[in-house]
Amino acid sequence: MADPDKPSALAYTARRVVRHLRWARTEGIRRLVEEDRLDPVERIGTALAKRRWRRANPVPPGAAVPVWLVGLQRSGTNMLTRGLDALPSVEVRNENDRRVFHRFQLRPDAVVTAVLRRSRHRYVLVKPLCQSHRVDELLALPGLAPGRALWAYRDVDDRARSEVAKFGDANLRALRAVADGTIGDRWQGQRLDGAARELVASFDYDRMTPHTAAALFWYLRNSLVLSLGLADRADVLLCSYDALVAEPAGYTRRLCAFLDLPYDPALHAHVEARTPRRDPLPIDGRVRALCADLTDRLDALARPDTTTGGRPVRQGAVEHG
C-alpha cells in the first residue's frame, strides 16, 4: 500500500494543481502569477542582471554568505524573497529549486552545502520553510561562510486566513497527527518539546475549525524562535510582515544593516505601504490567548532598540500555556 505521506509523483503533482486552482479562484490569476514569479519578462531581466554582476564581481567558491529565510508558510516570505532577488548580488534558491529542494524540503546537507559553495554571488538566499526548526543547525553547516537567518512572522489572523485559502485544512490534519502520534518524521512534528506536544494533545480536533488549527500551528512554529534560543542570537533577525508593509523603506534599511547590504529602493519597490487590516477570525479563545501573548513577545523582540544601534531587543524564553 502506498504511503499517504509520500505520494507518487503523479499524486503529488495532482495535489499541487488542485491547490493552485483553488488559490487562483480565491485570490485571482494575477495574485498567482505574482506569488510564483511566473512573469517571464521579470524573470529574464533578473537573470540577465545577475549574470552581469557575476562577470563584474568574481566571488571565489565557498565565499557566498548563506541567508536562511525561515518561519511559517503564508507569513510574507515571498515578499522578502522578491525584494532580495531584485539585487544582482543575491542568488535565490527558492523552494521550487530542484537542486536544493525535493517537494519543498531540503535535500541532504551535503548536497545543499555543495550547491551553495558553487555560488558566485555575494549572498545565497535559501527558503527552507519546512525546515525552519533546523535553522540553528543550518547556520552551523561546515564548509560555508558564516550565515545569517531571517525569521518571518505575520499577524495570526491574516496568516490563518491565507493558509486556509491556499492549503485548506492541512494544519488541522497535521495537528491531529501530532496529537495521536501518527505524525511520524514529517516536518510538522519536528523539534516539538514535551510541553508543546502536551498542548497539542489537549485539544479536540474533531471540533476544531481549520482557522483555529492554523492559529495553533502559527503558535507552535513561531514558538521555536524562543524554545530554540534564536532570539538571543546576533545572526538571526525577526522580520515582521506587518512592520514591513507599514513602513517599507525604514524596515528595509534595517534589514540591509543586518545583512550588511547597501540600501536600494528596489528592495521594497513591490511593497505598497499600508496599514494591515485587523479582521479577527472566530478562533478558539484558548488558542487566541496563546497567540496574543506570543505576538506581544515576538513584537518586543523584533522592535529596534535605539540603545543598540537598531538591533532587536532580546528577552526571555517561551513557556507553553
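Worth saying up front: this structure is predicted, and the values here are computed from it rather than measured.

**Notes on helix α12 (residues 248–259)**
So, step 1. For α12, which comprises 12 residues, the first-to-last C-alpha distance of 16 Å matches the rise-based estimate of 16 Å (1.5 Å per residue) to within 8%.
So, step 2. For α12, the full list of buried residues reads Pro248, Tyr251, Thr252, Arg254, Leu255, Cys256, Phe258 and Leu259.
So, step 3. Positive backbone phi, at 60°, marks aspartate 260, one or two positions downstream of α12.

**Structural notes on the pairing of strand β1 (residues 65–71)**
So, step 1. In terms of burial, β1 is a largely internal element, 7 of the 7 residues being buried.
So, step 2. Residues Val65, Val67, Leu69 and Gly71 line one face of β1 and the alternating positions Pro66, Trp68 and Val70 line the opposite face, and both faces are buried.
So, step 3. The pairing of β1 with strand β5 (residues 123–126) spans 4 bridges and is parallel. The partner of valine 65 across the bridge, within β5, is tyrosine 123.
So, step 4. The pairing of β1 with strand β6 (residues 148–153) spans 5 bridges and is classified as parallel. Residue pairing in the sheet places tryptophan 68 in a bridge with alanine 149 of β6.

**Thoughts on the packing of helix α7 (residues 156–167) against helix α8 (residues 170–180)**
Two quantities define a packed helix pair, namely the angle between the axes and the distance from one axis to the other.
So, step 1. Taken N-terminus to C-terminus, the directions of α7 and α8 make an angle of 95°; their axes are 8 Å apart at the nearest point. Of the possible angle classes, the one that applies to α7 and α8 is roughly perpendicular. Between α7 and α8, the contacting residues are Arg159, Glu163 and Phe167 on the first element and Ala170, Asn171 and Arg173 on the second.

**Digging into the confidence of the model for the chain**
So, step 1. The predicted model of the chain averages 88 in pLDDT, with 83% of residues at 70 or higher.
So, step 2. Throughout residues 306–310 the model reports pLDDT below 50, and contacts reaching past four residues in sequence, or to other chains, amount to 3 contacts.
So, step 3. Within the model, pLDDT remains below 50 along residues 313–318, and this stretch shows 25 contacts once partners closer than five positions in the same chain are excluded.

**A few points about the packing of aromatic side chains**
So, step 1. Summed over all chains, the structure comprises 1 aromatic pair.
So, step 2. Ring geometry for tryptophan 187 against phenylalanine 217: centres 5.9 Å apart, planes inclined by 75°, an arrangement best described as edge-to-face. Residue tryptophan 187 is found in the loop between α8 and α9 (194–201), and its partner phenylalanine 217 is found in helix α10 (residues 210–227); the two are separated by 30 residues along the sequence. Just as tryptophan 187 is buried, phenylalanine 217 falls in that class too.
So, step 3. Directly above the aromatic system of phenylalanine 258 lies the positively charged group of arginine 148, at a separation of 5.9 Å from the ring centroid.
So, step 4. Cation over ring: arginine 154 sits above tyrosine 241, and NZ or CZ is 4.5 Å from the ring centre.

**So, the pattern of salt bridges**
So, step 1. Here the structure, examined in full by the defined rule, presents 18 salt bridges.
So, step 2. Residue arginine 93 is joined to glutamate 91 by a salt bridge in which the shortest nitrogen-to-oxygen separation is 2.8 Å.
So, step 3. Under the relative-accessibility criterion, arginine 93 is labelled buried at 8%.
So, step 4. A relative accessible area of 13% places glutamate 91 in the buried class.
So, step 5. Between arginine 173 and aspartate 169 there is a salt bridge, with its nearest N and O atoms 2.9 Å apart.
So, step 6. For arginine 173, a relative accessible area of 46% gives the class partly exposed.

**Examining the side chain of glutamine 73**
So, step 1. In this structure, glutamine 73 sits in the loop between β1 and α4 (77–85).
So, step 2. A residue is classified by how much of its surface remains accessible, and glutamine 73, at 13% relative accessible area, is buried.
So, step 3. When sequence neighbours within four positions are dropped, the list of residues in contact with glutamine 73 reads Leu129, Cys130, Arg159, Glu163 and Trp187.

**Quick look at the sheet that holds β1**
So, step 1. Ordered by their spatial adjacency, 5 strands build an open sheet running β2-β5-β1-β6-β7, and the pairing between neighbours is parallel. The open sheet is flanked by β2 (90–93) and β7 (236–240), the only strands paired with a single partner. The sheet shows a mean angle of 25° between the axes of neighbouring strands, taken without regard to direction.
So, step 2. The sheet contact formed by β6 and β7 spans 5 bridges and is parallel. Note on β7: the bridge partner recorded for tryptophan 151 is leucine 238.
So, step 3. Sitting on the sheet, α12 is in contact with β1, β5, β6 and β7, with an inclination near 165° to β7.

**Considering the packing of α8 against α10**
So, step 1. For the pair α8 and α10, the least separation of the axes is 8 Å and the interaxial angle reads 65°. Between α8 and α10 the crossing geometry is left-handed. Contact residues: Asn171, Leu172 and Leu175 in α8; Ala213, Ala214, Leu216, Phe217 and Leu220 in α10.
So, step 2. Here the residues of the contact of α8 with α10 are counted per class, giving 7 nonpolar, 1 polar and no charged.

Rules and cut-offs
Residues numbered from 1 in each chain as written. Predicted model: local features only at pLDDT ≥ 70, side-chain atom pairs only at ≥ 80, totals over all residues. Heavy atoms only, no water. Helix = DSSP H or I, 4+ residues; strand = E, 2+ residues; numbered from the N terminus. Expected span 1.5 Å × (residues − 1). Buried < 20%, exposed > 50% of the residue type's maximum accessible area, 1.4 Å probe, protein only. Pairing = 2+ DSSP bridges. Axes fitted to C-alpha atoms, helices over the stretch in contact; angles between N-to-C directions. Parallel < 35°, antiparallel > 145°, perpendicular 65-115°, else oblique. Contact = heavy atoms within 4.5 Å. pLDDT = per-residue confidence, 0-100. Phe/Tyr/Trp six-rings, centres within 6.5 Å; stacked < 30°, edge-to-face > 60°. Lys NZ or Arg CZ within 6 Å of the ring centre and 35° of its normal. Salt bridge = Lys/Arg side-chain N within 4 Å of Asp/Glu carboxyl O. Left-handed = near helix turned anticlockwise from the far one by under 90°. Nonpolar A, V, L, I, M, F, W, Y, C, P; charged D, E, K, R; others polar.

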